[in-house]
Amino acid sequence: MATTHPSSQNSILNMLTALQFAALLHSDLELVTSPTGEVLYTVGGEIQHVYFPRTALVSLVGISTAGESIEVGMVGFEGFVGIPLLLGASCQQYQAVTQIGGTLWRLPKDALVPINGEPFILTNTLLRYAHVRLIQIVQSAICNRFHTLRQRLCRWLLTARDRRQSDDLAFTKEYLAEMIGSHRPGVATTLAGLQRLKWIESHRGGVSILRGKDLETASCECYAMVKKEAETFVTDCMNHGRTRRSWN
């Protein structure tokens, strides 16, 4: 039995055996640190690398011609950034920016190109994750159109917690308002209300979630739907990874 590779802390890469992980390292897979606010992809820019977040949290942001922006997706330890390459595109139509700084595995785009007719070892899993991301984007659109600011805010906080795997979230109120398509005063008032209920503790530069279950109750159905799909994907990755390692 091959020993497992050093923990990648990414659900997709954790599917690999030690030998497969070593092969990716030879394909220039490298661990990089991305600070908060770093732009990984610009709108319309050519994709040079794909990213597998480890401790970092990445936002996919749609930007209008007037410069207005709103978050359409969030990627953490469960997924990867670079789906357009799988679908035959070379450019990203959303900005990808590090929402909360941390580490990511970075892989050159050429490593995803089939070699001698053989697809990339994780292609099927990456395509499965693309389905998870699609659901997230669709539900974000529904949520931003039909649900209250409080529901959207609770959804965002819970999703960030799940992707970050931490109750402590660092962000400014201005950034949060931009991500959920609102205004800072409304976000500040809503956060203050959640703090009065002792569901969160708001502080300069972010919040700490104290009572996640109450936030889930106050959130909309969008959170539960996306969470279920993401959890199923992560569980499948874990189970598949254990099976692969037990047979190698």
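Here is what the cut-offs are and how they apply
- Residues numbered from 1 in each chain as written.
- Predicted model: local features only at pLDDT ≥ 70, side-chain atom pairs only at ≥ 80, totals over all residues.
- Heavy atoms only, no water.
- Helix = DSSP H or I, 4+ residues; strand = E, 2+ residues; numbered from the N terminus.
- Rg over C-alpha atoms; globule rule 2.2 N^0.38 Å.
- Buried < 20%, exposed > 50% of the residue type's maximum accessible area, 1.4 Å probe, protein only.
- Contact = heavy atoms within 4.5 Å.
- Areas by Shrake-Rupley, 256 points an atom, 1.4 Å probe, with all protein chains shown as cover.
- Lys, Arg positive; Asp, Glu negative; His and termini not counted.
- Charge placed at Lys NZ, Arg CZ, Asp CG, Glu CD.
- Pairing = 2+ DSSP bridges.
- Axes fitted to C-alpha atoms, helices over the stretch in contact; angles between N-to-C directions.
- Parallel < 35°, antiparallel > 145°, perpendicular 65-115°, else oblique.
- Left-handed = near helix turned anticlockwise from the far one by under 90°.
- Nonpolar A, V, L, I, M, F, W, Y, C, P; charged D, E, K, R; others polar.
- Expected span 1.5 Å × (residues − 1).

## What to know about the overall build of the chain
Then, number 1: In terms of helices and strands, the chain carries eight helices and ten strands.
Then, number 2: Taking 248 residues into account, the globule formula puts the C-alpha radius of gyration at 18 Å, and the chain, at 18 Å, falls close to it.
Then, number 3: Viewed in the frame of its principal axes, the chain has a C-alpha envelope of about 55 × 40 × 30 Å.
Then, number 4: Looking at the 248 residues of the chain, the share that counts as buried comes to 48%.
Then, number 5: Looking at the chain alone, contacts between residues at least 24 apart form 75% of all its contacts between residues at least 6 apart.
Then, number 6: Looking at the chain as shown, the accessible area adds up to about 12100 Å², and 54% of this sits on carbon and sulfur atoms.
Then, number 7: Within the chain, the 21 negative side-chain charges are centred at a point lying 6 Å from the centre of the 24 positive side-chain charges.

## As for the sheet that holds strand β3 (residues 49-53)
Then, number 1: Overall, antiparallel pairing links the three strands, which are arranged β1-β7-β3 in an open sheet. Across the chains shown, the open sheet's two edge strands, defined by having one partner strand only, are β1 (30-34) and β3. With strand direction ignored, the average angle separating the axes of adjacent strands in the sheet is 40°.
Then, number 2: The sheet contact formed by β3 and strand β7 (residues 102-108) spans five bridges and is antiparallel. Note that in β7 the partner of His 49 across the bridge is Pro 108.

## Notes on the packing of helix α3 (residues 123-146) against helix α4 (residues 149-164)
Then, number 1: Closest axis-to-axis distance for the α3/α4 pair is 10 Å, and the angle between their directions is 155°. Compared by their axis directions, α3 and α4 come out roughly antiparallel. Considering the relative orientation of α3 and α4, their crossing is left-handed. Along its contact with α3, which presents Gln 136, Ser 140, Cys 143 and Asn 144, the element α4 presents Arg 152, Arg 155, Thr 159 and Arg 163.
Then, number 2: Among the residues making up the contact of α3 with α4, the classes are represented as one nonpolar, four polar and three charged.

## A look at α4
Then, number 1: With 16 residues, α4 extends 22 Å between its outermost C-alpha atoms, agreeing within 8% with the 22 Å of an ideal straight helix rising 1.5 Å per residue.
Then, number 2: The buried fraction of α4 is high, at twelve of 16 residues.
Then, number 3: Within α4 the residues assigned to the buried category are Arg 152, Leu 153, Cys 154, Arg 155, Trp 156, Leu 157, Leu 158, Thr 159, Ala 160, Arg 161, Asp 162 and Arg 163.
Then, number 4: Gln 165, located one to two residues past α4, shows a positive phi value of around 60°.

## Details of the sheet that holds strand β5 (residues 69-75)
Then, number 1: Strand order in the open sheet formed by four strands is β2-β6-β4-β5, and the pairing between neighbours is antiparallel. Sheet topology places β2 (39-41) and β5 at the edges, where each strand pairs with a single neighbour. In this sheet, neighbouring strand axes are inclined to one another by 35° on average, regardless of whether the strands run parallel or antiparallel.
Then, number 2: Most of the contacts of α3 go to β5, to which it runs at about 145°, and overall it touches β4 (57-63) and β5.
Then, number 3: The strands touched by α4 are β4, β5 and β6 (95-100); relative to β5, the strand with the most contacts, the crossing angle is about 35°.

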